[in-house]
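If you want the building blocks of each chain, they are given just below.
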Amino acid sequence: MQSDQLFRTAVYPGTFDPVTNGHLDIVDRALKMFDQVVIAIGTNPVKESLFTIEERLEMVRETAGMNGKVKITSFDGLLVDLAARYGACAILRGLRAVSDFDYELQRALMNRKLSPDIETVFLMTGFRWIYISSTIVKEAARFGGSLEGLVPPLVEDRLRKAFRQGR
Ligand code: COA
C-alpha cells in the first residue's frame, strides 16, 4: 500500500447555522480516526438560515480552524463530488437520538448510491450535547436564554448580536 493511501480524510458536512459544541465534539472524536477532517458548510434548501455562509465559515474557522488537521470550506452541489475533490474516504455525521436515524439512513444510502466508494461514518454525539441542534440553540438565544456550555462563547456573542439587530 502506498503511503498516501494511508492518509485518511473525512468530510463533515452540515448547515452549521451556527456551529455548536456538539459539532465540535464530533470533529474531536473523528480526529482520533482520521488524519484530516474537512468541515463542509452547505445549504439545505428546506432550511432558512440565520447566518450567511461567510458568517458561518468565519465562526467555524474561529472555533476549529486552529487545528492543523481541520480544513474548512463551503460547497454547492453534491456532497459526494466535494468528498471526491478532497480524496475523502468517508462522510462523517453525528447521531444524537434514535430520531436522527431514519433521516440519516436515507441520506447515507443515497450518497452510497451516488458514490459507492465513500462510506458514511456515524459517531455518537457526546452526552452533554445529545439534545441540542442549531435550531434549538437559536431559539433559546432569541429569547435571551443561557447557552453556556452549548456553543463556544464567540458563537453566543454572534447570536446575541444577530438578534439585537432584529434578524
Ligand atoms: N451536535 C449538535 N447538533 C447536531 C449534531 C451534533 N453532534 N449532529 C446533528 N446536529 C443537528 C444540526 O445542528 C442540525 O440542526 P438544525 O436542523 O437545527 O439545523 C441537524 O442536526 C442536522 O442538520 P445538518 O447537519 O445541518 O445537515 P442537513 O441535514 O441540513 O444537511 C447538507 C445539510 C449540506 C449536509 C445536505 O443538505 C447536503 O448534503 N447537501 C448536498 C446535496 C446532496 O449531495 N444531496 C444528495 C445527498 S442525500
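Residues numbered from 1 in each chain as written. Predicted model: local features only at pLDDT ≥ 70, side-chain atom pairs only at ≥ 80, totals over all residues. Heavy atoms only, no water.

Caption draft 1: Region of the structure containing the pairing of strand 3 (residues 70-74). In the sheet, strand 2 (residues 36-41) pairs with strand 3 via five bridges, with the strands oriented parallel. By the bridge assignment for strand 3, Ala40 is matched with Thr73. Handedness of the crossover joining strand 2 and strand 3 through helix 2 (residues 53-64) is recorded here as right-handed. (Pairing = 2+ DSSP bridges. Helix = DSSP H or I, 4+ residues; strand = E, 2+ residues; numbered from the N terminus. Right-handed = clockwise from strand over helix to strand, strands pointing away.)

Caption draft 2: Region of interest: the site of the ligand. Taken together, 26 residues are adjacent to the ligand, and Thr15, Asn44, Lys47, Tyr103 and Thr135 come closest. In this structure, His23 approaches the ligand through a side-chain N or O atom, which is 3.2 Å from an oxygen atom. Between the ligand and Arg107, the relevant distance is 3.4 Å, taken from an oxygen atom to a side-chain nitrogen or oxygen of the residue. For the ligand, the accessible surface in isolation is 950 Å², of which the surrounding protein chains cover 87%. (Near = heavy atom within 4 Å. Polar contact = N/O pair within 3.5 Å; in protein donor to acceptor, adjacent residues only side chain to side chain. Areas by Shrake-Rupley, 256 points an atom, 1.4 Å probe, with all protein chains shown as cover.)

Caption draft 3: Quick peek at the pattern of salt bridges. Counted according to the given criterion, the structure contains 10 salt bridges. Between Arg158 and Glu58 there is a salt bridge, with the nearest N and O atoms lying 3.4 Å from each other. Of this pair, Arg158 sits in helix 6 (residues 153-164) while Glu58 sits in helix 2, and the two are 100 residues apart along the sequence. The partner of Asp100 in a salt bridge is Arg96, and the shortest N-O contact between them spans 2.9 Å. Look at Arg96 and you get partly exposed, because its relative accessible area is 30%. The network of salt bridges with shared partners includes Asp17, Arg56 and Lys138. (Salt bridge = Lys/Arg side-chain N within 4 Å of Asp/Glu carboxyl O. Buried < 20%, exposed > 50% of the residue type's maximum accessible area, 1.4 Å probe, protein only.)

Caption draft 4: A nonpolar patch on the surface, seen in detail. Taken together, the side chains of Val98, Phe101, Leu105 and Leu109 present a nonpolar region at the surface, about 390 Å² in accessible area. On the basis of relative accessible area, Leu105 is assigned to the partly exposed category, the value being 37%. (Patch = residues over 30% accessible without salt bridge, like charges linked within 9 Å, V, L, I, M, F, W, Y side chains within 5 Å.)

Caption draft 5: Spotlight on the packing of aromatic side chains. If you walk through the whole model with that rule in mind, you get one aromatic pair. An angle of 85° between the planes, with centres 5.3 Å apart, marks the rings of Tyr12 and Phe16 as edge-to-face. Owing to a relative accessible area of 3%, Phe16 belongs among the buried residues under this scheme. (Phe/Tyr/Trp six-rings, centres within 6.5 Å; stacked < 30°, edge-to-face > 60°.)

Caption draft 6: Layout of unusual backbone geometry. Going from Asp17 to Pro18, the amide bond is cis rather than trans, its omega being 0°. Inspection of the secondary structure assignment puts Pro18 in the loop between strand 1 (9-14) and helix 1 (21-30). A positive phi angle is found at Phe16, which is not glycine, with a value near 50°. By the secondary structure assignment, Phe16 is in the loop between strand 1 and helix 1.

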